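Read off the chains here:
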Amino acid sequence: MNDKRPVNLDLTTIKFPVPALASISHRISGIAIFVALPILLWMLDRSLASPESFAQLKACLANPWAKLVLWGVLAALSYHLVAGTRHLIMDLGFGDTLEAGRRGAVLVFIISIVLIVLAGVWVW
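Residues numbered from 1 in each chain as written. Predicted model: local features only at pLDDT ≥ 70, side-chain atom pairs only at ≥ 80, totals over all residues. Heavy atoms only, no water.

Undergrad: Let's hear about the overall build of the protein chain: which residues, and what values?
TA: Per the secondary structure count, the protein chain includes 4 helices and 0 strands. Starting at the N terminus, the α and β elements of the protein chain follow one another as α-α-α-α. Here the protein chain has a C-alpha radius of gyration of 20 Å; the compact-globule value for 124 residues is 14 Å, and the former is much larger. Along the first, second and third principal axes, the C-alpha set of the protein chain runs to 70 × 35 × 25 Å. (Helix = DSSP H or I, 4+ residues; strand = E, 2+ residues; numbered from the N terminus. Rg over C-alpha atoms; globule rule 2.2 N^0.38 Å.)

Undergrad: So, a nonpolar patch on the surface: which residues are in play, and what are the values?
TA: Taken together, the side chains of Val-18, Val-106, Leu-107, Ile-110, Ile-111, Val-114, Leu-115 and Leu-118 make up a nonpolar region of the molecular surface, amounting to roughly 630 Å² of accessible area. Top contributing element to the nonpolar patch by residue count: helix α4 (residues 98-123), with 7 residues. Its place among the elements puts Val-114 in helix α4. Under the relative-accessibility criterion, Val-114 is labelled partly exposed at 47%. (Patch = residues over 30% accessible without salt bridge, like charges linked within 9 Å, V, L, I, M, F, W, Y side chains within 5 Å. Areas by Shrake-Rupley, 256 points an atom, 1.4 Å probe, with all protein chains shown as cover. Salt bridge = Lys/Arg side-chain N within 4 Å of Asp/Glu carboxyl O. Buried < 20%, exposed > 50% of the residue type's maximum accessible area, 1.4 Å probe, protein only.)

Undergrad: Can you break down the packing of helix α3 (residues 64-91) against α4 residue by residue, with the values?
TA: With their axes 9 Å apart at the nearest point, α3 and α4 run at an angle of 150° to one another. In terms of orientation, α3 and α4 fall into the roughly antiparallel class. Like other packed secondary-structure pairs, α3 and α4 cross with a definite hand, here right-handed. For the contact of α3 with α4, the class distribution of residues is 16 nonpolar, 5 polar and 2 charged. (Axes fitted to C-alpha atoms, helices over the stretch in contact; angles between N-to-C directions. Parallel < 35°, antiparallel > 145°, perpendicular 65-115°, else oblique. Left-handed = near helix turned anticlockwise from the far one by under 90°. Nonpolar A, V, L, I, M, F, W, Y, C, P; charged D, E, K, R; others polar.)

Undergrad: Residues and numbers for the environment of Leu-92, please.
TA: Mapped onto the secondary structure, Leu-92 falls in the loop between α3 and α4. Counting along the chain gives 66 residues from Leu-92 to His-26, while the straight-line C-alpha distance between them is 19 Å.

Following this line, the structure appears as structure tokens:
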């Protein structure tokens, strides 16, 4: 084994390429969706249980903190959808070169930012 190889375990000093950031963000958004799933299912249950519980949920969602959480969940869903679509397109054999991967990752970030801003406008 070569003992002279460089070892850098400080992740804050490593400059990740844009496709790596897009891939890491895709995984983080998936975890966020998984964590938010019980909240979303509870909201669905409350909205369908009765007209009174729907009114209570609607009043709960009028709170700015609840709107912020809802916007965060929508942001994670939007990013995960766009990045997942990019991965599916790459699985078909399009955009799998180095330069196309960079352009695709930048495009994912741009489209996601637009969708997240639109979701924020819709929530508020």
